[in-house]
Structures are given as structure tokens and as C-alpha cells.
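Coordinates in review
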Amino acid sequence: MTIAIGAPAPDFELPSQFGEPVRLSSFRGDRAVALVFFPLAFSRTCAEELRELQENRALFTEAGVEVLGVSVDSKHTLRAWADAEGYEMPLLSDFWPHGGVARSYGAFRPDTGVASRTTVLLCEEGVVRSVFSSSPVEARPFAAYREALAALRLARRP
């Protein structure tokens, strides 16, 4: 079961594709965060999804949202994939303990040992505002990101 909307986001620290530690709580009070869990680097559906996110980075930047990709791949695999595909967003390695962060968000598939295709959008205070998923073989529709960003904008209004 995925994390509930309105729940506080579990904090974590994971290495990026460059080996730099990224701590979720470092964004609190500054930016919202989209945690984009994906099964595996170098897979066709994951590549299509991340390419679409890369192409629409301005939409997230304008909304004050940091996009963080998260998979169980090693940081070395993520680096090679990011370099090959030209991804500029941080890709975080949930390699060890295997899928620990994905599990804490209810985005781990123990049957296959990979993250599910789940996105969790957090507001600046680190509270879950949107959660959406798709099947392992289907890309998340980009319209779901647009809807989540619109809902975040509405929640920010005084």
C-alpha cells in the first residue's frame, strides 16, 4: 500500500548518480519535491518517462518542484544511464538496503525486487499531497503530473 495523502514524508538520504548524498529534508521549507520511483534504468518505459520529465523540466521549475528519480539501481548504473540519455535531474540509488526508501513509501515490489512505477508529490513542508502509479509496463500519463502540480498550487493559496 502506498503512502497516504496527508502523511509526513519519511526522511532519507541516498546517493545521486554522482555519488553525492541527497537528503530529502534539505528541501523542506524551500521547495516541493516529486519523488519519481521507477523500476530499472535502461528499460524502455522508464527511459520514455524520464525523457518526458526532462523535456518538461521548466514546468516543475516554475512550480517550485524538485524532481528526484529513485530506483534500486546502483549509482554507477544511474550515472551511465543519465549520461547516455542526457538526464539532468538527480537520480537516486536506493540500492542498499535494497529498496529501503521505496518500501517506506509503499513503492516497492517484493515480487520483482524493484520499485513500482509510483510518483509521490510532497509540498514544501514535507507532507504528501499527491500519489499516483501505473502498471510496471505502462508509463505514468504526463497529465497526472499536471494534475498533481495544479493541486499543489491550489493547496498553496492562502
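If you're wondering where the values come from, they're calculated on a predicted model, not measured in any experiment.

1. Some details on the packing of aromatic side chains
Applying the stated criterion to the full structure yields nine aromatic pairs. Ring centres 5.7 Å apart and planes at 45° place the aromatic pair phenylalanine 37 and tyrosine 105 in the tilted group. Highlighted residues: phenylalanine 37 in strand E3 (residues 32-37) and tyrosine 105 in the loop between helix H4 (100-104) and strand E6 (108-109), separated in sequence by 68 residues.

2. Observations concerning the nonpolar core
Leu53, Phe60, Val65, Trp81 and Leu91 are the most contacted members of the largest nonpolar core, which totals 29 residues. Of all the secondary-structure elements, those providing two or more residues to this core are E3, helix H1 (44-55), strand E4 (65-71), helix H3 (75-85) and helix H5 (142-156). Looking at this core element by element, the count peaks at six residues for H5. When neighbours within four sequence positions are excluded, leucine 91 is seen to be in contact with Pro15, Ser16, Gln17, Phe38, Leu50, Gly69, Leu78, Trp81 and Ala82. Core analysis: the next-biggest nonpolar cluster, separate from the first, contains 25 residues, Phe37, Leu68, Ala102 and Leu122 among them.

3. As for unusual backbone geometry
Of the consecutive residues tryptophan 96 and proline 97, the connecting peptide bond is found in the cis state with omega at -5°. With respect to the helices and strands, the residue proline 97 is situated in the loop between strand E5 (91-93) and H4. One non-glycine residue, phenylalanine 42, lies in positive phi territory at about 65°. Looking at where phenylalanine 42 falls in the secondary structure, it is placed in the loop between E3 and H1.

4. A look at the pairing of E3
Taking burial as the measure, the six residues of E3 include six buried ones, the bulk of the element. Burial along E3 is two-sided: Ala32, Ala34 and Val36 facing one way and Val33, Leu35 and Phe37 facing the other are all buried. Note that E3 and E4 share six bridges and pair parallel. Across the sheet, valine 33 pairs through a bridge with glutamate 66, a residue of E4. As judged from the five bridges shared by E3 and strand E8 (residues 117-122), these two strands associate in the antiparallel manner.

5. Remarks on the pattern of salt bridges
Counted by the stated rule, this structure contains 11 salt bridges. Of the charged contacts in the structure, one is a salt bridge between glutamate 66 and arginine 31, with a shortest N-O distance of 2.6 Å. In this pair, glutamate 66 is assigned in strand E4 and arginine 31 in the loop between strand E2 (21-23) and E3, connecting sequence segments 35 residues apart. Taking relative accessible area as the criterion, glutamate 66 reaches 16% and is therefore assigned buried. Assessed through its relative accessible area of 31%, arginine 31 is described here as partly exposed. The residue arginine 79 makes a salt bridge to aspartate 83 at a minimum N-O spacing of 3.4 Å. Remark: aspartate 83 and arginine 79 occur in helix H3; sequence separation between them is four residues, near one turn of the helix.

6. Some words on the sheet that holds E3
Strand order in this open sheet of five strands is E5-E4-E3-E8-E9, and the pairing throughout is mixed. Strands with a single pairing partner mark the edges of an open sheet, and in this sheet they are E5 and strand E9 (128-134). Shown here is a sheet whose adjacent strand axes are inclined to one another by a mean of 20°, direction ignored. On the sheet, H1 packs against E3, E4, E5 and E8 and is oriented at approximately 25° with respect to E8. Lying on the sheet, H3 is in contact with E4 and E5; it crosses E5 at an angle near 160°.

Rules behind the numbers
Residues numbered from 1 in each chain as written. Predicted model: local features only at pLDDT ≥ 70, side-chain atom pairs only at ≥ 80, totals over all residues. Heavy atoms only, no water. Phe/Tyr/Trp six-rings, centres within 6.5 Å; stacked < 30°, edge-to-face > 60°. Helix = DSSP H or I, 4+ residues; strand = E, 2+ residues; numbered from the N terminus. Core = buried A, V, L, I, M, F, W, Y, C linked by side-chain atoms within 4.5 Å. Buried < 20%, exposed > 50% of the residue type's maximum accessible area, 1.4 Å probe, protein only. Contact = heavy atoms within 4.5 Å. Pairing = 2+ DSSP bridges. Salt bridge = Lys/Arg side-chain N within 4 Å of Asp/Glu carboxyl O. Axes fitted to C-alpha atoms, helices over the stretch in contact; angles between N-to-C directions.

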